[in-house]
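A look at the structure
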Amino acid sequence: MLQRILAATDFSSTAQHAVARAARLAAEAGARLEVVHVARPLSRSLLAWLRREPEVAAAVEAAHRRLDDVVASARRYGADVRGHLVTGAPVTALAASARRFRANLVVVGARGALRFRDQMLGTTAERLIEQHSGEVLVVRKPARAPYRTLLACVDTGPAAAQALRSALQLAPQATARVLHAYEPPFASFLRHAGLHAQAREHKALERRRAREALDAFLRDTNVDADRLKVTLKIGEPRQVIERAASQFDPELTAVGHHTSPLAQPFLGSVARHVLRMGLGDVLVSRHG
């Protein structure tokens, strides 16, 4: 159950979308919204600070005014909202603030086109997902209405289960589609060996196994199955997700992020890919 949401703002247009979505979700859930702006830390040199004191004071005062405006705007959704100005490196400060406020959900804005630095090191949202132990909602579009369409991209692990449960909670009115992609082992080997009958039998067997595993996953996840439209597709997950997203145009996409040592590449191979596809909003649930 959502009790406390943290929304990050750098006063950009994408941050405005994030705060608006967070305020809408907070009002719907009866949760408190903590809006956080991270400012650069002051110079460690006392002499340098003294020389810039009037400039620093004016900048801090301006940031407080802008933060007050953001909070006032968020309160128009009917949410209980508080603003906080903190200093530090953005990702570290946001993760620390999320722990401090015991936030169930952190909401951040998405970038547009990725810079070279982002491609190499990851965006603020991606690096926050790596540091924050909970769920992160990356907002790309204005929050004009509750979510109407949801695409949950699942494997059969605990992170995907949490992503599905949370997404259904964030989008209670949405048409919800669950997408599971699987790749039968040895299928290409059988085809290349000219064993076409065996390849067909193997493909059918693996589909049955994938369906049984998905059905068991949905039962164990304890969600309302009547709400779900389940799609099972053969293929590489990133390609399957891209085709499904193009077809369904979801307003909210949910994906899990595993952090065990063996599954660490998952963010790079699937969750990171989903974040960079330019979809609507993306919810990433972390496990491990």
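So, a few notes on the structure that sits alongside this text. (Residues numbered from 1 in each chain as written. Predicted model: local features only at pLDDT ≥ 70, side-chain atom pairs only at ≥ 80, totals over all residues. Heavy atoms only, no water.)

Regarding the sheet that holds strand β4 (residues 105-109)
What counts, and what does not: Strands pair, by our definition, only if DSSP identifies at least two bridges between them. In this text, helices come from DSSP runs of H or I with a minimum length of four residues, and strands from runs of E with a minimum of two, each type numbered from the N-terminal end. All axes here are fitted lines through C-alpha atoms, helices being fitted over the stretch that makes contact, and every angle between N-to-C directions spans 0 to 180 degrees. Contact definition: two residues touch when any of their heavy atoms are within 4.5 Å.
One open sheet accounts for 10 strands, arranged β3-β2-β1-β4-β5-β10-β9-β6-β7-β8; its pairing is mixed. With partners counted over all chains shown, the strands left at the sheet margins are β3 (80-87) and β8 (228-234), one partner each. Here the average twist between neighbouring strands, direction ignored, is 20 degrees. Of the strand pairs in this sheet, β4 and strand β5 (residues 135-139) are connected by five bridges, and their pairing is parallel. Pairing of V106 across the sheet is with V136, part of β5. Relative to strand β10 (residues 281-287), helix α6 (residues 124-131) is tilted by about 25 degrees, and along the sheet it contacts β4, β5, β9 (252-258) and β10. Its contacts with the sheet put helix α10 (residues 237-248) on β6 (149-153), β7 (175-182) and β8, and the angle it makes with β7 is roughly 155 degrees.

Some details on the pairing of β10
Rule in force here: Burial status follows relative accessibility: with a 1.4 Å probe on protein chains alone, a residue under 20% of its type maximum counts as buried, one over 50% as exposed, and anything between as partly exposed.
With six of seven residues buried, β10 is to be regarded as a mostly interior element. Pairing geometry for β5 and β10, over four bridges, is antiparallel. Bridge pairing links L137 to L283 in β10.

Section: the nonpolar core
Generally speaking, soluble globular proteins have nonpolar side chains that are buried together. To keep it simple, the criterion reads: Side-chain atoms within 4.5 Å are what join buried Ala, Val, Leu, Ile, Met, Phe, Trp, Tyr and Cys residues into a set we call a nonpolar core.
Membership of the largest hydrophobic core comes to 49 residues, with the highest contact counts inside it found for I5, L33, L105, V107, L137 and L252. In this structure L137 touches R21, L25, L105, V106, V107, V108, Y147, L252, D281, V282 and L283, once residues within four positions along its chain are discounted. Counting residues in hydrophobic clusters, the runner-up holds 36 residues, among them V36, L128, I241 and A244.

Remarks on the side chain of E135
Heads up, the rule is: Within this scheme the basic residues Lys and Arg register as positive and the acidic residues Asp and Glu register as negative, but His and the chain ends are omitted. Throughout this description, the term salt bridge denotes a Lys or Arg side-chain nitrogen within 4 Å of a carboxyl oxygen of Asp or Glu. Here a polar contact means two N or O atoms within 3.5 Å. Within protein one must be a hydrogen donor candidate and the other an acceptor candidate, and residues neighboring in sequence count only if both atoms are side-chain atoms.
Here E135 lies in strand β5. One buried charge, E135, has no salt-bridge partner; the nearest side chain with opposite charge is R165, at 7.7 Å. Among the polar contacts made by the side chain of E135, one reaches the side chain of S285 at a distance of 2.5 Å. Dropping the residues within four chain positions of it, E135 is found in contact with N104, L105, V106, Q162, S166, L283, V284 and S285.

Section: the pattern of salt bridges
Tallied over the full model, the rule gives 11 salt bridges. In this structure, R4 and E34 form a salt bridge, with 3.8 Å as the shortest nitrogen-oxygen distance. One end of the pair, R4, is in strand β1 (residues 4-8); the other, E34, is in strand β2 (residues 32-39), with 30 residues separating them in the sequence. The exposure class assigned to E34 is buried, which follows from its relative accessible area of 0%. One salt bridge in this structure joins R272 and E126, with 2.7 Å as the shortest N-O distance. Of the two residues, R272 is situated in helix α11 (residues 266-275) and E126 in helix α6; the sequence distance between them amounts to 146 residues.

Brief notes about the packing of aromatic side chains
We count it as follows: Stacked, tilted and edge-to-face pairs are distinguished by plane angle, under 30 degrees for stacked and over 60 for edge-to-face with tilted covering the rest, among Phe, Tyr and Trp rings (Trp via its six-membered ring) whose centres lie within 6.5 Å. Placement of a charge over a ring requires the Lys NZ or Arg CZ to be within 6 Å of the ring centre, with the centre-to-atom vector within 35 degrees of the ring normal.
For the structure on display, the rule yields zero aromatic pairs. Here the basic side chain of R21 rests over the ring of Y147, its NZ or CZ set 3.9 Å away from the ring centre. Over the ring of F248 we find R177; its NZ or CZ atom is 3.9 Å from the centre of that ring.

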